Amino acid sequence: MKKIFSIPVFLGILLLTASCTRNNAQRDFEQDAYTAPAGYTETTEQGSVQNVDQDDWRTSPLFQGLVSVIPAYPNPAATNQTIQIELEITGINSVNGAEILVRLPDNSFERLDIIQETLNPGISNLYIDPLNLGIDRSPEAARGLKRVFIYDLNGQMISYGDIMVE
């Protein structure tokens, strides 16, 4: 009888511990995300990665194995180019939409793009107008290194990265 009781208790404790570890990993990931932008993954207009910033475009612990992020391209970008980020979805019904935000210099956030439906397996594209990376949409305000964030529509962070606008 003791063995029957101890196995379910052990499995419950193991599940609880794994859940806490995952929550801690997500919290640590988000703390990294909210730091100041520093460096960027350099990409061509076609999306080829030229130079990697290890802090950019990582997938959060909650979405690992379900989503891969193809880094923003082109990066750096001119103010008259469209920047694209691709999400490769591998899980079925695993991502409830997507929203991309930028943190502005006054620490407010601006929505750059949104996909309102559940993302199907395959590639989903997010687009950024570089002028939206500045407070007043002027080229001067848009220029520089900007941190962008990708969330699902449940408010869970998927990824983040830095974009240089020249």
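Residues numbered from 1 in each chain as written. Predicted model: local features only at pLDDT ≥ 70, side-chain atom pairs only at ≥ 80, totals over all residues. Heavy atoms only, no water.

1. Some thoughts on the environment of Gln-54
Put simply, the rule is: Each helix is a run of DSSP H or I of at least 4 residues and each strand a run of E of at least 2, with the numbering of both proceeding from the N terminus. Under the scheme applied here, a residue whose accessible area is under 20% of the maximum for its type counts as buried, over 50% as exposed, and between as partly exposed, the area being computed with a 1.4 Å probe on protein chains only.
With respect to the element layout, Gln-54 can be found in the loop between β2 (49–51) and β3 (67–73). When its relative accessible area of 64% is taken as the criterion, Gln-54 is described as exposed. Taking C-alpha positions, Gln-54 is 8.7 Å from Tyr-40, a pair spaced 14 residues apart along the chain.

2. Observations regarding the environment of Gln-50
Definition in use: We call two residues contacting when some pair of their heavy atoms lies within 4.5 Å.
Within the secondary structure layout, Gln-50 lies in strand β2. Separated by 25 residues in sequence, Gln-50 and Asn-75 place their C-alpha atoms 9.6 Å apart. Once residues within four sequence positions are removed from consideration, Gln-50 is found in contact with Glu-42, Thr-43 and Thr-44.

3. Quick word on the sheet that holds β3
Here is the rule: Pairs of strands are assigned from DSSP output, requiring at least two bridges between the strands. In this description, a line fitted to the C-alpha atoms serves as the axis of each element, helices being fitted only across the stretch in contact, and the angle between N-to-C directions of two axes falls anywhere from 0 to 180 degrees.
Strands sit in the order β3-β4-β7 across an open sheet of three strands; the sheet is antiparallel. Of all strands in the sheet, those with a lone pairing partner are β3 and β7 (122–128), marking the two edges. Direction aside, neighbouring strands of the sheet carry axes that sit 20° apart on average. Of the strand pairs in this sheet, strand β4 (residues 83–89) and β7 are connected by seven bridges, and their pairing is antiparallel. Looking at β7, one finds that Gln-84 is bridged to Tyr-127.

4. Concerning the side chain of Glu-99
Note the following rule: Polar contacts here mean pairs of N or O atoms no more than 3.5 Å apart (in protein, one a potential hydrogen donor and the other a potential acceptor; neighbouring residues in sequence count only if both atoms are side-chain atoms).
Inspection of the secondary structure puts Glu-99 in strand β5 (residues 98–103). Glu-99 gets classed as buried once you look at its relative accessible area, which sits at 14%. There is a polar contact of 2.6 Å between the side chain of Glu-99 and the side chain of Arg-111. Not counting chain neighbours up to four residues away, the residues in contact with Glu-99 comprise Arg-111, Asp-113, Ile-114, Phe-149, Ile-150, Tyr-151 and Leu-153.

5. Some words on the sheet that holds strand β8 (residues 144–151)
Strand order in the open sheet made by the four strands is β6-β5-β8-β9, with antiparallel pairing throughout. What marks the edges here is a single partner per strand, and that holds for β6 (109–115) and β9 (157–165). Each strand axis lies, on average, 25° off the axis of its neighbour in the sheet, ignoring direction. Looking at chain direction, β8 and β9 are connected through eight bridges and run antiparallel.

6. Thoughts on the confidence of the model for the protein
As a reminder, the rule being used: A residue's pLDDT is the confidence the predictor assigns to it, expressed on a 0 to 100 scale.
Across the protein, pLDDT averages 87, with 87% of residues at or above 70. Looking over the protein, one finds the lowest element-wise mean pLDDT in helix α1 (residues 2–33), namely 62, and the highest in strand β1 (residues 42–43), namely 97. Across residues 1–5 the pLDDT falls below 50, and counting only partners more than four positions away or on other chains, this stretch makes zero contacts in the model. Within the model, pLDDT remains below 50 along residues 10–20, and this stretch shows zero contacts once partners closer than five positions in the same chain are excluded.

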